[in-house]
Amino acid sequence: MKILLFGATGMVGSRITAEAVRRGHTVTAATRSGRSPEGTTEGLTLVTADASDPARVAELAEGHDVVASALAPPRDGSAPSGPFVAANKALIEGVRASGVPRLIVVGGAGSLEVAPGVQLVTTPGFPDAVKPEALAHGDVLDLYRTVDDLDWTYISPAALIQPGDRTGSYRLGGDQLLADAEGNSHISAEDYAVAFVDELEMPTHPKSRICVAY
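A brief structural summary. All figures in this text were calculated on a predicted structure; none of them were measured in a lab.

This part is about the packing of helix 1 (residues 11–22) against helix 5 (residues 189–201). Axis separation between helix 1 and helix 5 bottoms out at 8 Å; the angle between their running directions is 55 degrees. Accordingly, the angle class assigned to the pair helix 1 and helix 5 is oblique. The crossing of helix 1 and helix 5 is right-handed. Where helix 1 abuts helix 5, its residues Met11, Val12, Arg15, Ile16, Glu19 and Ala20 lie against Ala189, Glu190, Tyr192, Ala193, Val194, Phe196 and Val197. Here the contact of helix 1 with helix 5 is built from residues that sort into 10 nonpolar, no polar and three charged.

Put into structure tokens, the structure is as follows:
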């Protein structure tokens, strides 16, 4: 496959890039800096681009099979969700203009439900430092749920995602937070990338949010 990936140098984006290249796919890594994802060179084309420029998105997406986004809001807690939502609106506009029918998105865990109608981000003990980021991801999910002319998929991780081992194992869920028998909700960034590329290869969840955890 030919994959255009925005946000390719972040913790999750770099692992998606590595996983896709490992499987023999061709990845166009679009970043504002133009730098290469760490540890990945072969099967990779580097371009400098900003997802908030729909014309540039459309130009780059032409000829690709799917567009993927590992964009994330600022993690310093200082920014409201507006700029992140605006960037995703521009990304959607650009993908529409390109004619590429599929858009796969790295999402957040805060909007997952821990009980009917109760989101993780609203629970006592949810870290204040990451709440703005979680709310921004939730607002972006709301945006995607209004899109009916693209086959988008929004993939939420477990409550805890961090660098770790690639086991190739994971569970898939929907809008509810997944946890193990001890009540822990976690996934390595490497296994999240496995699930993400699996969805790229076998699109079985169009126009929906799924979640990934052990």
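Glancing now at the sheet that holds strand 5 (residues 102–106). Taken together, eight strands build an open sheet; the order of strands is 3-2-1-4-5-8-12-10 and the sheet is mixed. Edge positions in the sheet fall to strand 3 (44–48) and strand 10 (171–173), since each of these pairs with one other strand and no more. Neighbouring strand axes in the sheet, compared pairwise and without regard to direction, differ in orientation by 25 degrees on average. Where helix 3 (residues 82–98) meets the sheet, its contacts fall on strand 1 (2–6), strand 4 (66–69) and strand 5, and the angle it forms with strand 5 comes to roughly 155 degrees. Contacting strand 1, strand 4, strand 5, strand 8 (151–156) and strand 12 (208–213), helix 5 runs over the sheet at an angle of about 170 degrees to strand 5.

Our next topic: the pairing of strand 12. Of all six residues that make up strand 12, five are buried, and the element is covered over most of its length. Here strand 8 pairs with strand 12 via four bridges, running parallel. Bridge assignment links Ile155 to a residue of strand 12, and that residue is Ile210. Summarising the sheet, strand 10 and strand 12 pair through three bridges and their orientation is antiparallel. Pairing of Arg171 across the sheet is with Ala213, part of strand 12.

Here we take up the packing of aromatic side chains. Per the stated rule, a full pass over the model turns up two aromatic pairs. With centroids separated by 6.0 Å and ring planes inclined at 45 degrees, the aromatic side chains of Tyr144 and Trp152 adopt a geometry described as tilted. Both rings, one in Tyr192 and one in Phe196, keep their centres 6.1 Å apart while their planes meet at 35 degrees; by these two values the pair is tilted. In this pair, Tyr192 and Phe196 are both assigned in helix 5, four residues apart and thus about one turn of the helix distant. Here Tyr192 and Phe196 have matching classes, each one buried.

Procedures and definitions
- Residues numbered from 1 in each chain as written.
- Predicted model: local features only at pLDDT ≥ 70, side-chain atom pairs only at ≥ 80, totals over all residues.
- Heavy atoms only, no water.
- Axes fitted to C-alpha atoms, helices over the stretch in contact; angles between N-to-C directions.
- Helix = DSSP H or I, 4+ residues; strand = E, 2+ residues; numbered from the N terminus.
- Parallel < 35°, antiparallel > 145°, perpendicular 65-115°, else oblique.
- Left-handed = near helix turned anticlockwise from the far one by under 90°.
- Contact = heavy atoms within 4.5 Å.
- Nonpolar A, V, L, I, M, F, W, Y, C, P; charged D, E, K, R; others polar.
- Pairing = 2+ DSSP bridges.
- Buried < 20%, exposed > 50% of the residue type's maximum accessible area, 1.4 Å probe, protein only.
- Phe/Tyr/Trp six-rings, centres within 6.5 Å; stacked < 30°, edge-to-face > 60°.

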